[in-house]
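Given next are the chains, with one letter for each unit.
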Amino acid sequence: MTQPAAVVLTDVPVELFWTLAEHSEALLREYALRGFGDSTQPYDSDAIGRAGNAIAALNTCMTAAVTPGDDRDRVVARLDLGTVTAADFGLLQGVLDDASVLAASGELLAFPPLPEIRALRDWLCEETIGQSAGATSRPWELPLEATPLVQTPLAEWRELAALPPDGSWMVGDDHNRIIGASDTVLTMLGWSRDDLVGQRIISIIPPRLRERHIVGFTRGLLSGVNTLLGHSLPLFALHRDGSEIPVVLVLTKHTTHTGRAVYLAQLTAADG
């Protein structure tokens, strides 16, 4: 079967895509550097280069789809297949998954992607591979549930034990998991401590706000700068029963004794 000249990517989330592209390039760069000293890596420099070409082709098609001043959250992008093939996108998936496993184990100077970032990458690759084989275009949808490729240990923050149990706080780690919460916050959100600790932070964020959270969280890790820190922010939290609660968030960043980042959220009901 002849490969089509172009693939149509429908409802690509703009900000989430640019975040994916930046993070993928960081992973590829670190994976390539590691490969210079480890000939046992399953993907060689040619495969890494072809994976990089796939990311570059996606960047090109998204740059063409988003015009200056365009404020759309979703766009339809046309991916030309003149310089890349469907096989390159299969390599992109494989290389980034292997790099993500290494990142999760601390072997790369990069962090593993959040599951939704990986889900977008898989959708982009599978759309390209599928349409190249004759499938029709499927629009992007953020998965309501997604699990990490690799489960990593929760961060251990010694100061957690000293936080007041009757305060209004919650603590998350650098892999987007909840590592602690006060009795007040547990009651406000309808969770028990045993059920909430270990859950992803996204589990208490309304679905309509999750992409924004994923973008902000990932960009903060990539740049080391989080513009939300220290500011009082009106937001909505998701109760366990599915209802939304207006809250006020004040976020601060801290470092554990092993060098990992944790985020202390002062989380109070907006009406109190």
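To be clear, the structure that these remarks concern was listed above.
This is a predicted model, so every value here is computed, not measured.

Conventions adopted
Residues numbered from 1 in each chain as written. Predicted model: local features only at pLDDT ≥ 70, side-chain atom pairs only at ≥ 80, totals over all residues. Heavy atoms only, no water. Core = buried A, V, L, I, M, F, W, Y, C linked by side-chain atoms within 4.5 Å. Buried < 20%, exposed > 50% of the residue type's maximum accessible area, 1.4 Å probe, protein only. Helix = DSSP H or I, 4+ residues; strand = E, 2+ residues; numbered from the N terminus. Salt bridge = Lys/Arg side-chain N within 4 Å of Asp/Glu carboxyl O. Pairing = 2+ DSSP bridges. Axes fitted to C-alpha atoms, helices over the stretch in contact; angles between N-to-C directions. Expected span 1.5 Å × (residues − 1). Polar contact = N/O pair within 3.5 Å; in protein donor to acceptor, adjacent residues only side chain to side chain. Phe/Tyr/Trp six-rings, centres within 6.5 Å; stacked < 30°, edge-to-face > 60°. 1 Å grid on protein atoms, 1.4 Å probe; cavity = no way out; pocket = protein on both sides within 12 Å on 5 of 7 lines; lining within 4 Å. Points joined across faces, edges and corners; volume = space filled by probe spheres on them. Nonpolar A, V, L, I, M, F, W, Y, C, P; charged D, E, K, R; others polar.

## A short note on the nonpolar core
Of all hydrophobic cores here, the largest spans 69 residues; its most connected members are Leu9, Phe17, Met62 and Leu79. Looking at this core element by element, the count peaks at nine residues for helix α2 (residues 45-65). Among the nonpolar cores identified, the runner-up in size contains eight residues, and Trp157, Trp169, Ile179 and Leu264 belong to it.

## Describing the pattern of salt bridges
Pairing is possible between side chains of opposite charge, provided their charged atoms come close. The final tally for this structure, using the stated rule, is 18 salt bridges. Between Glu211 and Arg74 there is a salt bridge; the shortest N-O distance is 2.9 Å. With a gap of 137 residues between them, Glu211 in helix α7 (residues 210-223) and Arg74 in strand β2 (residues 74-80) connect regions that are remote in the sequence. The class of Glu211 is buried, set by a relative accessible area of 15%. Judged by its relative accessible area of 30%, Arg74 is partly exposed. The salt bridge involving Asp173 is made with Arg260; its shortest N-O contact spans 3.4 Å. With Asp173 in strand β3 (residues 169-173) and Arg260 in the loop between β6 (244-255) and β7 (261-269), this residue pair connects regions lying 87 residues apart in the sequence. On the basis of relative accessible area, Arg260 is assigned to the buried category, the value being 19%. What you see here is one network of salt bridges that share partners, running through Asp97, Arg118, Arg121 and Asp122.

## Considering the sheet that holds β6
One key point about sheets: their strands pair by backbone hydrogen bonds, in either a parallel or an antiparallel sense. Strand order in the open sheet formed by five strands is β4-β3-β7-β6-β5, with antiparallel pairing between adjacent strands. Each edge of the sheet is formed by a strand with only one pairing partner; in this case those strands are β4 (178-181) and β5 (232-238). Averaged over all pairs of adjacent strands, the angle between strand axes in this sheet comes to 35°, irrespective of strand direction. Summarising the sheet, β6 and β7 pair through nine bridges and their orientation is antiparallel. Counterpart to Thr255 in the pairing with β7 is Ala261.

## A short note on α2
Compared with the 30 Å implied by 1.5 Å per residue over 21 residues, the 30 Å span of α2 between its first and last C-alpha is a close match. N-capping of α2 is provided by Asp44, with a side-chain oxygen placed 3.2 Å from the backbone N of Asp46.

## Details of α7
Between its first and last C-alpha, α7 extends 20 Å over 14 residues, near the 20 Å set by a 1.5 Å rise per residue. Taken as a whole, α7 has its buried residues at Arg210, Glu211, His213, Ile214, Val215, Phe217, Thr218 and Gly220. In the segment just after α7, Gly224 is the residue with positive phi, at about 80°.

## Description of the packing of aromatic side chains
Summed over the entire model, instances satisfying the criterion amount to three aromatic pairs. With 5.1 Å between their ring centres and 70° between their planes, Phe17 and Trp18 make a pair best called edge-to-face. Residue class for Phe17 comes out buried when judged on its relative accessible area of 2%. Judged by relative accessible area, Trp18 falls into the partly exposed class, the value being 28%.

## Some details on the layout of surface pockets
Its boundaries defined by the atoms lining it, the largest pocket holds a volume of some 680 Å³. In terms of lining, the largest pocket is formed by 25 residues, of which the most central are Ile205, His213, Leu228, Leu235 and Leu249. The dominant element in the lining of the largest pocket, judged by the number of residues it contributes, is β5, at five residues. Residues belonging to the lining of the largest pocket are distributed by class as follows: 19 nonpolar, four polar and two charged. Taken as a whole, the second largest pocket spans an internal volume of roughly 400 Å³. If you go around the second largest pocket, you meet 23 residues; those closest to its centre are Ala103, Ala110, Phe111, Pro112 and His175. At the level of secondary structure, the elements contributing two or more residues to the lining of the second largest pocket comprise α1 (14-35), α3 (86-104) and α7. Among the elements that line the lining of the second largest pocket, the one with the most residues is α1, at four residues. By residue class, the composition of the lining of the second largest pocket is 12 nonpolar, seven polar and four charged.

Read these as spatial facts, not as claims about activity.
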